[in-house]
Amino acid sequence: MADIAGKLVRISGPMIAADGMLGVAMGEMVKVGKLGLMGEVIRIDGETAYAQVYEDTSGMFLGEPVVAQGAPLSIELGPGLLGQTYDGIQRPLIDLQKTSGDFIDRGLSADPLDYTKKWAFTPKAAVGQEVTGGDYLGSVPETEYLDHNIMVPPGVSGKIKTIVGTGEYTVQETIATLEDGTELTMTHKWPVKLPRPFKKKLPMNQPFITGQRVLDMLFPIALGGSAIVPGGFGTGKTVVEQQISKFCNADIIVYVGCGERGNEMADVLDEFPKLRDPKTGGPLMNRMILVVNTSNMPVAAREASVYTGITLGEYYRDQGYSVAMMADSTSRWAEALREISSRLEEMPGEEGYPTYLSTRTAEFYERAGRVDCIGTITKGDEGRRGSLTLVGAVSPPGGDFSEPVTQNSMRVAGGFWALDAKLAYSRHYPAINWNMSYSLYLNDLDSWFRENAPAGWMENRQKAVDLLQRDTELQEIVQLVGPDALQEHERLVLEMARMVKETFLQQNAFSDDDAYSSLDKTGHLIEALMLFYAECESALSAGVTLESILSHPIREEVSRLRELNPEGFVEKKEKVVQEMKAALQGLVEKAA
Amino acid sequence: MAESGLLQKEYWDLTYITGPLVFLKNGGRFPTGAILNLTMENGEVRQGQVLEVTTDHAVVQVLQGTVGIDIKGTAVSLKNEGARIACSKDVIGRVFNGIGQPIDGLAPIVAEEERSILGAAINPVSRNKPNDFIETGISVIDGFNTLVRGQKLPVFSGAGLPANELANMIVQQAQVRGEDEDFVVVFAAMGLTSREADYFTRSFEEGGQGQRVVAFMNKADDPVIERLFAPRSALTIAEYLAFDKDYQVLVILTDMTSYCEALRQISSAREEIPGRRGYPGYMYTDLSTIYERAGRIHGKKGSVTQIPILTMPDDDITHPIPDLTGYITEGQIVLGRSLHRQNVFPPVDLLPCLSRLMNNGIGEGRTTAWHREWSNQLYASYARGRDVRKLMAIVGEDALTPMDKNYLNFTVSFETNMVGQGFTRRTIEETFDIGWKLMGLLPKTELTRISRETVDEFYQETKPEDFK
């Protein structure tokens, strides 16, 4: 292939223009300048191509070379991805550290996978077999707990001519050839902006369990669904995303730190390798891939980082795994779009964002889903099903949800977990506002919860929702006339709602016993609270004063239930419930 | 790299001047980011930086302003391929302008090394988690929003609020317990009035800090472009001292509002599409290249801790400057006007304050095992008390329940005794004791944020009179 090479004619921040680029394609990678910085073509005007550069462009002269690379931004997929920490364009950060030290230089390149490591390959296909994209050639144990299935790349098909036997191979060695001469290795490349193919999208009827009470009970999303977590600074977006990464029921987690803090990532890198995966007991890092492009790393690579992340997620989805991708924060991605768009002098839409923001957002969120994976269906095998669940943090300026990124994301994401600065100020964490948040998956998940969650899950959920709703109404009255003017029954509503907020909706991320709440603990805790509420109601009706209920030590016992470990929770709760019933009975007798 | 003017070719290329920018005819002569000398007819030399190059033109921002520059008689030559600063241990105790030239009348610095002031991003895998508790002696910080080494914790102030005094208090009092290490303050003043600059200089002298301060002064009447360079010069020196010379560096950046306004001024002169309130769309990225230059690195002894100070226009925390800052920094200390009016010092409005790295600095072996619970309980109770106070303003004290009144008492005592410590230094233990005493104003059963054993150990009922 004749290299297309041109010369720089304009440099403006991360945007460059080069002449003599006839034949270069939209989205194609280019190497810019003597340093060979990576860039992506984003506009073509005759022989002039405009590109966004993934690294800082200062120090460059006009006339320096720009060389087309022949392919769009692609990442390499194969065994060895798990446990890695990449930058936005899939360079392993640990390798960059080896070549350039503690600060990241420009123009570096590094292999995305370890090309020397040998993997124990077990073939699953045979010579003469007809294969198509997605079919397994074999598998390697990527970690102690997870088999990495080596697939025929999407779009490739044919009859297997040769395939290696069980043995150890590197990712670059040919493991199979097809009749037409195609050589297959354990890896293949995929352009990040192109969604990986699947057969069809499936209905979403299994929950994405997060271990966070307020989410699992009030606003659950489905495996393959998507949710956004918008909130002003300091409301706890990052903590929510990290808690979900630690405890959710997905097989694999892709965590994208897009334009966020370096120290936060240091925290993740320090903490996660020490954490145990609740599903397997192995290190949590073994089921994670981190994509890190901190805010001071180049802006164009930030734009690429979310696509890199989601492509990694789709790749494991295609192997039939359930994958969760956390994007923190999608606003930084949108801002990167805005910055590039403004340098291209495009006509701005709302708040300076490009008019294609909504299209790009929708395309991105639509890459989530529960799917029938590609691959041949054989007898007795109904085909693989994988899911990719997407949780995107949104950082609205001034915490104002009417801004374009929040609004566009709301239209496409099925879950809306709104973080509230007022709750965060009183250290109510997770600061998820129960009045504003919603989930569109509730109806689809109804039957799953009825069959699999503790009895009374949906009923107690409704009771709690009603109580919180009633509380909101009464608070408005209190703001006008004061709590003293309310009836005792109404004041009980306020007190019980406070208890639900403090005991149930709040969850201490830093407590070993409370950081994770199993479905059992969640279901039984709300049941205990709703029972307590009902008992208090009847005690009030039997003539007991509210004051004597509130000052009874049993109230504290019930609220301290939250501190108990999920292990053995149910028995301990039963004991407290019995004591509670007896205590209220005592009060009734005294009053009578 | 050559400084000598002899070898440098001069060009008479100017075509267009607007605001702080000049345009040159041919963009191919200089690289982006280069520093140019502009020699005027009267012999005066100014510096400019190349922002953008195309085949038609180059855009140059002039550091000292464009007044007096004419198209006909001004010559342009290359000074340096990029903005650089001389690094050496000798900078300690010296005063520089925003672009790193000494302004204290002493000799220029003999550089051990010259570095680009742009810096490079610290590789996230090289970062060491910040976890050394810095005792500032200020209750609202130590007890509730703990500062740790390597953190960036800004102070959000309003016009007329004593942010400078608070920053000075931190500089004077801060120490890591049980350690006596080489400690340096790097001070970058951006758009500071002479009075404010004077306050800091004097305080550093009086507190005996003069010999361990490096100051970069860009006053309100100094060239606006130098304001964009001042924090970067300061942080380049800070990184050098921390990661090459093992110093513990505390960087004070004040006032970031002036910095952002300078950024907006340049952006509008370049006729860029404005974002919120006229600030450029890339302000987040720009600010992050300043704030992210804080932290610790594996295997290095030193650290860079940042305390940027900014003034919230009209006390509005949703204004783009505090907003974008809050999204990058690891928390914020917010000053409140009503506390200031009540003569509470430091007038810190605790509710919107946050330290994201608090957990790394506290707990067993650092402060105490129950520090987090203690802080959460006081926070929650104070927040509830503030709600009650608001309610009382509407419905009157009589309409409150007895419990609400407890919270009201608690809140009043909290503000005078915990927050309003005056200009004294408190150890963390003293802060804890005051907190337990305050919790004594509430019934024991209300303290559900703290484990029962801890409450049993420390709780003692108190009365409002005990605080007189």
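Note that the coordinates shown come from a computational prediction; the quantities given were computed from them, not determined experimentally. All residue numbers refer to positions counted from 1 along the written sequence of the respective chain. Think of it this way: whatever chain is written first is A, whatever ligand is written first is 1, and the rest follow in order. This being a predicted model, a pLDDT of at least 70 is required before a residue's local features are given, and a value of 80 or more before pairs of side-chain atoms are given or counted; all residues contribute to the totals for chains, interfaces and linings. To obtain the side-chain values, all non-hydrogen atoms of the structure were included, while hydrogens and water were left out.

(A) Fine view of the overall build of chain B. Here a strand is any run of E in DSSP of at least two residues, a helix any run of H or I of at least four, and the numbering for each starts at the N terminus. Along chain B, the regular secondary structure elements total 13 helices and 21 strands. Its C-alpha atoms give chain B principal-axis dimensions of roughly 80 × 50 × 40 Å. When a residue's accessible area, from a 1.4 Å probe over protein chains only, is under 20% of the maximum for its type it is buried; when over 50% it is exposed; and in between it is partly exposed. The buried share among the 468 residues of chain B stands at 63%. Considering only residue pairs separated by 6 or more positions, chain B has 74% of its internal contacts joining residues 24 or more positions apart. Under the convention used here, a 1.4 Å probe and the Shrake-Rupley method define accessible areas, while residue burial counts only the protein chains that appear. For chain B, the exposed surface amounts to about 17,100 Å²; the carbon and sulfur share of it is 48%. Contact criterion: two residues are considered in contact whenever any of their non-hydrogen atoms come within 4.5 Å of each other.

(B) Main features of the pattern of salt bridges. All names here are of chain A. What counts as a salt bridge is simple: a side-chain nitrogen of Lys or Arg found within 4 Å of a carboxyl oxygen of Asp or Glu. Per the counting criterion, the structure on display carries 69 salt bridges over all chains. Taking the shortest distance from any N to any O, the salt bridge between Lys 501 and Asp 471 comes out at 3.0 Å. Here the residue Lys 501 occupies a position in helix H12 (residues 488–505), and Asp 471 occupies one in helix H11 (residues 457–481), the gap between them amounting to 30 residues. Owing to a relative accessible area of 16%, Lys 501 belongs among the buried residues under this scheme. A residue is classified by how much of its surface remains accessible, and Asp 471, at 2% relative accessible area, is buried.

(C) Just the sheet that holds strand E12 (residues 146–151) of chain A, in detail. Residues and elements named next belong to chain A. Taken in spatial order, the four strands of this open sheet run E12-E11-E9-E14, and their pairing is antiparallel. What marks the edges here is a single partner per strand, and that holds for E12 and strand E14 (167–169). Direction aside, the axes of adjacent strands within the sheet are offset by 40° on average. Only strands that DSSP links by at least two bridges are regarded as paired with each other. Where strand E9 (residues 119–123) lies against strand E11 (residues 136–143), two bridges are found, and the strand directions are antiparallel. Bridge pairing links Thr 122 to Ser 139 in E11. In this analysis an axis means a line fitted to C-alpha atoms, helices contributing only their contacting stretch, and an angle means the value between N-to-C directions, from 0 to 180 degrees.

(D) Looking closely at helix H1 (residues 93–100) of chain A. Residues and elements named next belong to chain A. Among all positions of H1, only Leu 93, Leu 96 and Ser 100 are buried. Looking straight down H1, one finds its buried side chains confined to an arc of 55°; they lie on one side. Buried residues along H1 sit against strand E8 (85–86) and strand E23 (288–293). Following H1 by one or two positions, Gly 101 has its phi on the positive side, about 85°. Taken from the helix axis, the directions to the C-beta atoms give the arc we talk about.

(E) The domain arrangement of chain A, seen in detail. A domain assignment, automatic or from a database, supplies the domain bounds used here. Partitioning chain A into structural domains gives domain 1 (5–72), domain 2 (119–188), domain 3 (229–374 + 382–442) and domain 4 (453–591). Relative to domain 4 of chain A, the C-alpha centre of domain 2 of chain A lies at a distance of 57 Å.

(F) Layout of the packing of helix H10 (residues 371–395) of chain B against helix H12 (residues 428–439) of chain B. Residue and element names in this part refer to chain B. Contact geometry of H10 with H12 gives a least axis separation of 11 Å together with a crossing angle of 45°. In terms of their interaxial angle, H10 and H12 are classed as oblique. Relative to H12, the crossing made by H10 is left-handed. On H12, the residues touching His 371, Trp 374, Gln 377 and Leu 378 of H10 are Ile 428, Thr 431, Phe 432, Gly 435, Trp 436 and Met 439. Residue classes in the contact of H10 with H12 are distributed as six nonpolar, four polar and no charged. Relative orientations are named as follows: roughly parallel for angles under 35 degrees, roughly antiparallel for angles over 145 degrees, roughly perpendicular for angles from 65 to 115 degrees, and oblique for any other angle. Throughout, a crossing is termed right-handed when the near helix is turned clockwise from the far one, and left-handed when it is turned anticlockwise from it by less than a right angle. Gly falls in the polar group here, along with every residue not listed as nonpolar (Ala, Val, Leu, Ile, Met, Phe, Trp, Tyr, Cys, Pro) or charged (Asp, Glu, Lys, Arg).

(G) Expanded view of the sheet that holds strand E12 (residues 147–148) of chain B. Residue and element names in this part refer to chain B. With antiparallel pairing, three strands are arranged side by side in an open sheet as E12-E11-E14. Edge positions in the sheet fall to E12 and strand E14 (175–176), since each of these pairs with one other strand and no more. As paired strands, strand E11 (residues 133–135) and E14 are joined by two bridges and run antiparallel to one another. For Glu 135, the partnering residue across the bridge sits in E14 and is Gln 175.

(H) Seen up close, the packing of aromatic side chains. Each aromatic pair joins two rings of Phe, Tyr and Trp (for Trp, the six-membered one) with centres within 6.5 Å, and gets the label stacked for planes under 30 degrees apart, edge-to-face for over 60, and tilted for any other angle. For the structure shown, the criterion picks out 32 aromatic pairs over all chains. On the basis of an interplanar angle of 85° and a centroid distance of 5.0 Å, the ring pair of Trp 374 of chain B and Phe 432 of chain B is categorised as edge-to-face. Of this pair, Trp 374 of chain B sits in helix H10 while Phe 432 of chain B sits in helix H12, and the two are 58 residues apart along the sequence. Given a relative accessible area of 0%, Trp 374 of chain B falls into the buried group. Linked through ring pairs, Phe 144, Trp 370, Trp 374, Tyr 379, Tyr 382, Phe 410, Phe 414, Phe 432, Trp 436 and Phe 458 of chain B together constitute an aromatic cluster. For a ring to carry a charge above it, either NZ of a lysine or CZ of an arginine must fall within 6 Å of the ring centroid while also lying within 35 degrees of the normal to the ring plane. Here the basic side chain of Arg 427 of chain A rests over the ring of Tyr 379 of chain B, its NZ or CZ set 3.5 Å away from the ring centre.

(I) Just the interface of chain A and chain B, in detail. Each partner contributes residues to the interface: chain A has 81 residues there, and chain B has 88 residues. Defined in terms of a 1.4 Å probe, buried area is the accessible area two parts forfeit on being brought together, summed over both. Ranking the residues of chain A by area buried against chain B places Phe 233, Asn 263 and Arg 427 of chain A at the top, with a combined share of 12%. Where chain A meets chain B, there are eight salt bridges. In this structure, the salt-bridge partner of Lys 422 of chain A is Asp 387 of chain B, at a minimum N-O distance of 3.9 Å. N or O atoms closer than or at 3.5 Å make up a polar contact, with two conditions inside protein: a donor-capable atom paired with an acceptor-capable one, and, for residues adjacent in sequence, both atoms drawn from side chains. Taken together, the connections running from chain A to chain B amount to 39 residue pairs in polar contact (both at pLDDT 80 or more). Sorting elements by how many residues they give to the side of chain A that touches chain B places helix H4 (residues 262–271) of chain A first, with eight residues.

(J) Molecular detail of the environment of Glu 314 of chain A. Residues and elements named next belong to chain A. Inspection of the secondary structure puts Glu 314 in helix H5 (residues 299–317). Overall, Glu 314 belongs to the buried group, its relative accessible area being 1%. When the C-alpha atoms of Glu 314 and Glu 495 are compared, they prove to be 47 Å apart, with 181 residues separating the residues in sequence. Other than its neighbours up to four places away in sequence, Glu 314 contacts Leu 194, Pro 195, Arg 196, Arg 367 and Leu 388. A polar atom in the side chain of Glu 314 sits 3.0 Å from the side chain of Arg 367.

(K) Quick peek at the domain arrangement of chain B. Residues and elements named next belong to chain B. You can read the domains of chain B as domain 1 (14–82), domain 2 (85–361) and domain 3 (371–467). Inter-centroid distance (C-alpha atoms) of domain 1 to domain 2 is 30 Å. Counting residues at the interface gives 13 residues for domain 1 and 12 residues for domain 2. Carbon and sulfur atoms make up 64% of the surface buried where domain 1 meets domain 2, a total of about 1,000 Å² over both sides. When the area that domain 1 buries against domain 2 is broken down by residue, the three leading residues are Pro 20, Gln 61 and Leu 63, summing to 45%. At the boundary of domain 1 with domain 2, the tally comes to one salt bridge. The interface formed by domain 1 and domain 2 holds one residue pair in polar contact (both at pLDDT 80 or more) in total. Counting only elements with at least two residues in the side of domain 1 that touches domain 2, the list comes to strand E1 (14–18), strand E4 (45–54) and strand E5 (58–62). Among the elements that line the side of domain 1 that touches domain 2, the one with the most residues is E4, at four residues. Looking at side-chain class alone, the side of domain 1 that touches domain 2 contains seven nonpolar, five polar and one charged residues.

(L) A look at unusual backbone geometry. With an omega of -10°, the peptide bond running from Tyr 429 of chain A to Pro 430 of chain A counts as cis. Considering the arrangement of structural elements, one finds Pro 430 of chain A in the loop between helix H9 (421–425) and strand E28 (438–439). The peptide bond linking Phe 345 of chain B to Pro 346 of chain B adopts the cis configuration, its omega dihedral lying at -10°. Tracing the chain through its elements places Pro 346 of chain B in the loop between helix H8 (337–341) and strand E21 (354–355). The phi angle at Glu 351 of chain A is positive, at roughly 50°, despite the residue not being glycine. Taking the relative accessible area as the measure of exposure, Glu 351 of chain A reaches 36% and is therefore partly exposed. Located in the positive-phi region is Asp 315 of chain B, a residue other than glycine, with phi close to 55°. Mapped onto the secondary structure, Asp 315 of chain B falls in the loop between strand E19 (303–311) and helix H7 (320–328).

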